[in-house]
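Next come the chains, spelled out residue by residue.
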Amino acid sequence: MKGLLLKDYYLIKSVLFIIALIFAIIGGGISFLTSPWAICIIATIMLGMISVTTINMDKTSGWRKAACVLPVSKKTALDSKYVLYLLLSGIGFTLGMVLSVIPSLMKNQLDLSTILLFASISVAMALLAGSITIPCCFLLSEEKNMVSLLAAYPLSTFIIAGSALLFEDKQITCIITAVLGILFYALSWILARKFISYRDIT
């Protein structure tokens, strides 16, 4: 799997650097104009999305056909995409937290409950969307993948908003949405290993 992750890293490293630089510059400015913690959500989602694009890159480059003659199982190839999504989302989350904490400290607005709220939303949004977009990118054409990408984030927002309506306590809502994100992502991964890995998706 390490080799597959390195292959994807080389595919996206130039884009990854540019996006990280943009977040560092623009995100810092946004943090002073609006809630500093909004950038945490954006960074987590955007970097996670980059990993999904590698699935389409594999399709267009013919990598999957070449991989059939390599000692790499379909399950391992599938696992690498889920792992890559977690890694990039984690990098985005960390970058977003740093860019959010700095202006919060400067404004003297560092609040634990606010940190928990936006951290939970970031985790929930990224994992809920990833649980939809990753299997869709494996199964659908590139055009239909765009539809799944556009639908995944509004659907994730709907789930988070629905949880907020059911529970008045924001902290309980935060915990529930984060747990839901983890459960959906784990379920998506398990089902993908069981069904998608056995299909001819080259």
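Below is a short write-up of the structure. (Residues numbered from 1 in each chain as written. Predicted model: local features only at pLDDT ≥ 70, side-chain atom pairs only at ≥ 80, totals over all residues. Heavy atoms only, no water.)

A look at the packing of helix α2 (residues 38–61) against helix α4 (residues 74–107)
A pair of packed helices is captured by two measures, namely the crossing angle of their axes and the spacing between those axes. Heads up, the rule is: Axis angles are defined between N-to-C directions and span 0 to 180 degrees, where every axis is a line fitted to C-alpha atoms and, for a helix, only to the segment in contact. Helix and strand definitions here come from DSSP, where helices need a minimum of 4 consecutive H or I residues and strands a minimum of 2 consecutive E residues; each element is numbered from the N-terminal end. Angular relationships are summarised with four words: roughly parallel below 35 degrees, roughly antiparallel beyond 145, roughly perpendicular across 65 to 115, and oblique for the angles in between. Two helices cross in a left-handed way if the nearer one is turned anticlockwise from the farther one by less than a right angle. They cross in a right-handed way if the turn is clockwise. Residues are grouped as follows: Ala, Val, Leu, Ile, Met, Phe, Trp, Tyr, Cys and Pro are nonpolar; Asp, Glu, Lys and Arg are charged; every other residue, Gly included, is polar.
Running from amino to carboxyl end, α2 crosses α4 at an angle of 155°, the nearest separation of the two axes being 7 Å. It follows that α2 is roughly antiparallel to α4 by the angle criterion. Handedness of the α2/α4 crossing: right-handed. Tallied by class, residues from the contact of α2 with α4 come to 15 nonpolar, eight polar and two charged.

What about the pattern of salt bridges?
The condition is simple: We count a salt bridge whenever a side-chain nitrogen from Lys or Arg sits within 4 Å of a carboxyl oxygen from Asp or Glu. Buried, partly exposed and exposed residues are distinguished by accessible area as a fraction of the type maximum, computed with a 1.4 Å probe on protein chains only: under 20%, between the cut-offs, and over 50%, respectively.
Evaluation of the coordinates by the stated rule reveals one salt bridge. Residues Asp 79 and Arg 193 are paired through a salt bridge, measuring 2.8 Å at the closest nitrogen-oxygen approach. Of this pair, Asp 79 sits in helix α4 while Arg 193 sits in helix α7 (residues 170–195), and the two are 114 residues apart along the sequence. Asp 79 gets classed as buried once you look at its relative accessible area, which sits at 10%. Of the residues examined, Arg 193 reaches a relative accessible area of 29% and is grouped as partly exposed.

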